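Tertiary structure, described
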Amino acid sequence: MEDVVILGIESSCDETAAAVVVNGRDVRSNVIYSQVPLHTIYGGVVPEIASRKHIEKVNQVIRKALSDANMTWDDITAIAVTYGPGLVGPLLVGVGTAKAISYAKKIPLVGVHHIEGHISANYIENKDLEPPFMCLVASGGHSHIVKCTDYGKYEIIGRTRDDAAGEAFDKVARAIGLGYPGGPKVDKLAKEGNPDAIEFPRAKFADAPYDFSFSGIKSAVLNYLNSCEMKGIEVNRADVAASFQKAVIEVLTDHAVRAAKDHGCDKLALAGGVAANSSLREHMRKSAEAVGISFYNPSLIFCTDNAAMIGAAGYYDYLRGIRDDYSLNAVPNLKI
Ligand code: KG4
Ligand code: ZN
């Protein structure tokens, strides 16, 4: 069979990214322009600034992805682009660019769901991974336990009722003065703290054992900080980071491993920005393997936003005959 070469484009938040992926799993180039330093001074992503920067960078990033892969437009079978969920302005830059190239070069266009991209990041380095498998997706905007029943087919097993796990990391980081982006900073500081120093709550729902809630733990951290301040007690920030992180990781792991077991899945994958967390990776691997479940997680570079994952997801969409026309639009609140 002839190779299917996908150019992936991702611009849903603050990373402008393009990648060339052959047959869904062979990444020939992976270019990411991160805007993180640009947004750091504001303590979070500023959508208007992000959109403008995407416009400035997108063509450059795409050209580099082609040249790093040693390819020309004639080699590209299809263009896969994230069309949601995400920030509308940033999404529109990627979608508009992909449509323009598709029209000018007569290359088929495939719109990709960002979360499907995160899940598909697991295919890149795990060449033997095939559905069905259970996947925990934890990012800045999502915390879902998803059963991938086939390529492109998903069943939601559990979801957050309020904040996403990444959002909780970012808010706690801000509260203890670590700044943006919070996740990696909490991860680093937690290594110096005692995870058993403070007992933070772990939310559970009797009627939905796989659902999450992270707003309670975020409030508990804020209350703890306030009460320390009122009592004039000096806060050990590393202990707060480690104890918070332990509580979140325990809940994520417990629910995901149980979901896999209860649904008869012998494979569990991890995806999304929070999947870059070193303790979560270690804890989930140990917990899954202890009950005979194989564990998969992407390398760090494929956990946070990138276009290789969009190329991987786009490949399987392309094989299933999915094609978009020039009416493809950004859908900021696209559902799974
Ligand atoms: O997937 P992603 O790059 O963007 C979204 O689709 O949201 O995820 C970003 C989220 C942020 O909330 C960030 O704080 C979190 O992932 N994150 C981490 C780590 N690296 C990124 N959370 C915990 N530990 C990390 N090492
Ligand atoms: Zn993402």
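Residues numbered from 1 in each chain as written. Chains lettered and ligands numbered in written order. Predicted model: local features only at pLDDT ≥ 70, side-chain atom pairs only at ≥ 80, totals over all residues.

If you look the chain up in an unreviewed UniProt entry, it shows as tRNA N6-adenosine threonylcarbamoyltransferase from Eubacterium ruminantium. UniProt lists a comment for the chain under the heading Catalytic activity (unreviewed entry), and it reads "L-threonylcarbamoyladenylate + adenosine(37) in tRNA = N(6)-L-threonylcarbamoyladenosine(37) in tRNA + AMP + H(+)". (UniProt positions renumbered as here; feature names shortened; annotations may be inferred.)

**Some words on the UniProt feature "binding site: substrate" (unreviewed entry) in the chain**
This chain's UniProt record puts "binding site: substrate" (unreviewed entry) on Val137, Ala138, Ser139, Gly140, Gly141, Asp170, Gly183, Asp187 and Asn277. The buried category is assigned to Val137, around which 26 C-beta atoms lie within 10 Å. Setting aside anything within four residues of it in sequence, one finds Val137 in contact with Ile115, His118, Ile119, His142, His144, Val146, Ala271 and Gly272. With respect to the helices, strands and loops of the structure, Gly183 is situated in helix H6 (residues 182-190). Here Gly183 is in contact with Gly166, Phe169, Asp170, Gly273, Val274 and Asn277, once residues within four sequence places are set aside. (Buried ≥ 20, exposed ≤ 12 C-beta atoms within 10 Å, placed from the backbone. Contact = placed C-beta atoms within 7 Å. Helix = DSSP H or I, 4+ residues; strand = E, 2+ residues; numbered from the N terminus.)

**Structural notes on the site of ligand 1**
In the neighbourhood of ligand 1, 19 residues make up the surrounding shell, with Gly140, Gly166, Gly183, Gly273 and Asn277 lying closest. Only helix H5 (165-175) and H6 provide two or more residues apiece to the shell around ligand 1. Its residues placed into classes, the shell around ligand 1 shows 6 nonpolar, 10 polar and 3 charged. The two domains that each donate at least three residues to the shell around ligand 1 are domain 1 (5-119 + 303-319) and domain 2 (130-298). (Near = placed C-beta within 6 Å. Nonpolar A, V, L, I, M, F, W, Y, C, P; charged D, E, K, R; others polar. Domains from an automatic or database assignment.)

**So, the UniProt feature "domain: Gcp-like" (unreviewed entry) in the chain**
Within this numbering scheme, the UniProt entry marks residues 27-311 as carrying the feature "domain: Gcp-like" (unreviewed entry). Between the first and last C-alpha atoms of residues 27-311 the distance is 9 Å; the span itself is 49% helix and 17% strand.

**Some words on the sheet that holds strand E8 (residues 153-159)**
As summarised here, the arrangement of the 5 strands in space is E8-E7-E6-E9-E10, forming an open sheet in which the pairing is mixed. Each edge of the open sheet carries a strand with a single partner, namely E8 and strand E10 (294-296). Neighbour-to-neighbour, the strand axes of this sheet turn through a mean angle of 25°, independent of strand direction. Of the pairings in the sheet, the one linking strand E7 (residues 143-150) to E8 comprises 6 bridges and is antiparallel in character. Within E8, the position partnered with Lys147 by the bridge is Glu155. Seen against the sheet, helix H4 (residues 114-125) touches strand E6 (133-138), E7, strand E9 (267-271) and E10 and runs at an angle of roughly 125° to E9. Along the sheet, helix H8 (residues 237-262) makes contact with E6, E7, E8 and E9, crossing E6 at roughly 160°. (Pairing = 2+ DSSP bridges. Axes fitted to C-alpha atoms, helices over the stretch in contact; angles between N-to-C directions.)

**Remarks on the sheet that holds strand E4 (residues 78-84)**
The mixed open sheet is built from 5 strands, whose spatial order is E3-E2-E1-E4-E5. If you trace the sheet from one side to the other, it starts and ends with strand E3 (26-34) and strand E5 (109-113), each paired once. Sheet twist, expressed as the mean angle between neighbouring strand axes with direction ignored, is 20°. Pairing of strand E2 (residues 15-22) with E3, which is carried by 8 bridges, proceeds in the antiparallel orientation. What sits directly across from Thr16, in E3, is Tyr33. Together, strand E1 (5-10), E2 and E3 form the strand contacts of helix H2 (residues 47-68), whose direction differs from that of E2 by roughly 25°. Taken strand by strand, H4 contacts E3, E4 and E5, and its axis lies near 95° from that of E5.

**Some words on the domain arrangement of the chain**
Interfaces are frequently sized by the accessible area removed from exposure as the parts join. Domain assignment breaks the chain into domain 1 (5-119 + 303-319) and domain 2 (130-298). The distance between the C-alpha centroids of domain 1 and domain 2 comes to 27 Å. At the interface, 13 residues of domain 1 touch 19 residues of domain 2. Only helix H1 (36-40), H4 and helix H11 (308-319) provide two or more residues apiece to the side of domain 1 that touches domain 2. Residues belonging to the side of domain 1 that touches domain 2 are distributed by class as follows: 6 nonpolar, 6 polar and 1 charged.

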